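# Inside the fold
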Amino acid sequence: MHPLRKLANYIILLPILLLSILSCDTGKSKDQLEPIEKAKIHEVDGKRMVWIPSGKFQMGANQPGEYQREYPAHEVEIDGFWLDKTEVTNREYLKFVKATGYLTVAEREVSWEELKKQVPPGTPKPPDSVLMPGSMVFEAPKEVSNLHDFSQWWKWTIGANWRHPLGPGSSINSLMDHPVVHISHEDALAYCEWAGKRLPTEAEWEFAARGGLNKMRFSWGEDDPRKNPKLANIWQGDFPIQNTALDGFIGTAPVGSFPSNGYGLSDMTGNVWEWVSDLFNESYYTELVSMTVCKNPQGPDRSFDSRNPYATKYVNKGGSFLCHVSYCENYRPSAREGTTPDSGMSHLGFRTVSNQPQ
Ligand SMILES: [Ca+2]
Ligand SMILES: [Ca+2]
């Protein structure tokens, strides 16, 4: 090559070399921001879904001060999968019910034989007037004596179900783009079967909720939602008495009302809790620490929650519009709760996974 041509090539390459050196030296530690791979968004069987690429992450609480059931953090490897961009909406659930005639658990007669398996032996059978189709509805009390007794704000409401989220007299007519609620684990699985999809595992859900951020406290990074109420639909004010709704919503919000995370997923934290396929065991992560890397974990073999040792529970993720730091700081990817599979609540929904190839 002619010497002048060679020199010209160096001059062209120099800025590129400098740029690549500078871009490698971000000054950030490994625990800070990881590159976010923008995922592909496609419609799969009529639903907008996001391709979550395979990867490794630290599952569980990576920072001090979280709930005990989120420790210890452990490395998990996940294969790629399609995940609904939003929670399943009333419009989508209605389509399923119209096609199949499916009746949700909250719309069926209550079976005492099933119910008594979840309560301490010897618990007396409630009167038949209570064992009617219904679900648990949040009602803000005027005052509370403590934050331990949730019966002060959760009310068994006969006639409450996904069509009547606040009980008889309420409807979903103006809530078609809101997430469906009062959905039991069984109801979510029935929808999945009809749609040819499945529930995410807890590991898949948490990996997706982190949106490509490594070891961050929230799905958007480290910003405190108390200082910025526009990050997610949670509770502002004095839980459970006063909801100032600085984020714009006292109850559920239309899906996608808040900024999506790094993968383009909406409301992974906040709006409504979401069922996943894993059984809930509060000490499951402790049992996993002997493993070097967990690949596509499916959850524990048995459920255990010391707060209700008689019940079998499945995991819920992401918190809801009722979560407030004073009581339930569950609007974090690592947060996890358990609910019995036949229970629906006015803040509990789901989203689905498709196994279609990328
Ligand atoms: Ca809110
Ligand atoms: Ca959610």
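Note that the coordinates shown come from a computational prediction; the quantities given were computed from them, not determined experimentally.

Counting its regular elements, the protein chain contains 6 helices and 15 strands. Taken over 358 residues, the protein chain has a buried fraction of 42%.

Turning our eyes to something else, we now look at the environment of Pro133. Within the secondary structure, Pro133 sits in the loop between helix H3 (112-115) and strand S6 (134-138). Along the primary structure Pro133 and Asn161 are separated by 28 residues, whereas in three dimensions their C-alpha atoms are 8.4 Å apart. Leave out the neighbours within four places in its chain, and Pro133 touches Ala106, Glu107, Arg108, Glu109, Val110 and Ile158.

Attention shifts here to the sheet that holds strand S12 (residues 314-317). Spatial strand order, S13-S12-S10-S14: 4 strands in an open sheet with mixed pairing. The open sheet terminates on both sides in strands that have one partner only, identified here as strand S13 (336-339) and strand S14 (348-349). As paired elements, S12 and S13 share 4 bridges and run antiparallel to each other. Considered in S13, the bridge of Lys317 is made with Arg336.

Looking at the protein chain, pLDDT values average 88 and 88% of them are 70 or higher. Segment residues 1-36: pLDDT under 50, and 11 contacts once partners within four positions in sequence are set aside and those in other chains are kept.

For the rest of this paragraph, the subject is helix H4 (residues 185-195). Residues of H4 that are buried: His185, Asp187, Ala188, Tyr191, Cys192 and Ala195. All buried residues of H4 project into a common sector of 165° when viewed along the axis, lining one side. Phi for Gly196, located one or two positions after H4, is positive at around 70°.

A few words on the pairing of strand S10 (residues 273-279). In the case of a regular strand, side chains alternate between the two sheet surfaces. Of all 7 residues in S10, 7 are buried, a share of seventy percent or more. Across 3 bridges, the pairing between S10 and S12 is antiparallel. Residue pairing for S12: Leu279 is matched across the bridge by Tyr314.

The mixed open sheet is built from 3 strands, whose spatial order is S3-S4-S11. The open sheet is flanked by strand S3 (55-59) and strand S11 (294-295), the only strands paired with a single partner. One ladder, built from 5 bridges, connects S3 with strand S4 (residues 74-78); its direction is antiparallel. Bridging from a neighbouring strand, Phe57 pairs with Val76 of S4.

For soluble globular proteins, nonpolar side chains are generally found buried alongside one another. If you look at the biggest cluster of nonpolar residues, it comprises 47 residues, and the most contacted ones within it are Val50, Ile52, Leu83 and Ala208. Top element by residues in this core is helix H5 (residues 202-209). It accounts for 5 residues. Ranked by size, the runner-up nonpolar core spans 15 residues in total, among them Met216, Ile234, Phe258 and Phe321.

Relative to the helices and strands, Pro120 is located in the loop between H3 and S6. Taking the C-beta count within 10 Å as the criterion, Pro120 has 9 such neighbours and is therefore assigned exposed.

Note on placement: Glu75 falls in strand S4. In this structure, the C-alpha to C-alpha distance between Glu75 and Leu288, residues 213 residues apart in sequence, is 9.8 Å. Setting aside chain neighbours within four positions, we find Glu75 in contact with Lys56, Gln58 and Val293.

Residues Tyr71 and Pro72 are joined by a peptide bond in cis, for which omega reads -10°. Relative to the helices and strands, Pro72 is located in the loop between S3 and S4. Of note, the bond from Phe239 into Pro240 is cis; its omega dihedral lies within 30 degrees of zero at 0°. With respect to the element layout, Pro240 can be found in the loop between strand S8 (237-238) and strand S9 (242-243). Phi is positive for Lys215, close to 60°, though the residue is something other than glycine.

Right, let's talk about helix H2 (residues 90-100) for a bit. The periodicity of an α-helix, 3.6 residues per turn, causes residues three or four places apart in sequence to face the same way. Within H2, burial applies to Asn90, Glu92 and Tyr93. All buried residues of H2 project into a common sector of 165° when viewed along the axis, lining one side. Along H2, exposed side chains directed more than 90 degrees from the buried face belong to Lys98 and Ala99. Where H2 is buried, its residues contact H4.

Reading the values: rules and limits
- Residues numbered from 1 in each chain as written.
- Chains lettered and ligands numbered in written order.
- Predicted model: local features only at pLDDT ≥ 70, side-chain atom pairs only at ≥ 80, totals over all residues.
- Helix = DSSP H or I, 4+ residues; strand = E, 2+ residues; numbered from the N terminus.
- Buried ≥ 20, exposed ≤ 12 C-beta atoms within 10 Å, placed from the backbone.
- Contact = placed C-beta atoms within 7 Å.
- Pairing = 2+ DSSP bridges.
- pLDDT = per-residue confidence, 0-100.
- Arc of directions from axis to C-beta.
- Core = buried A, V, L, I, M, F, W, Y, C linked by C-beta atoms within 7 Å.

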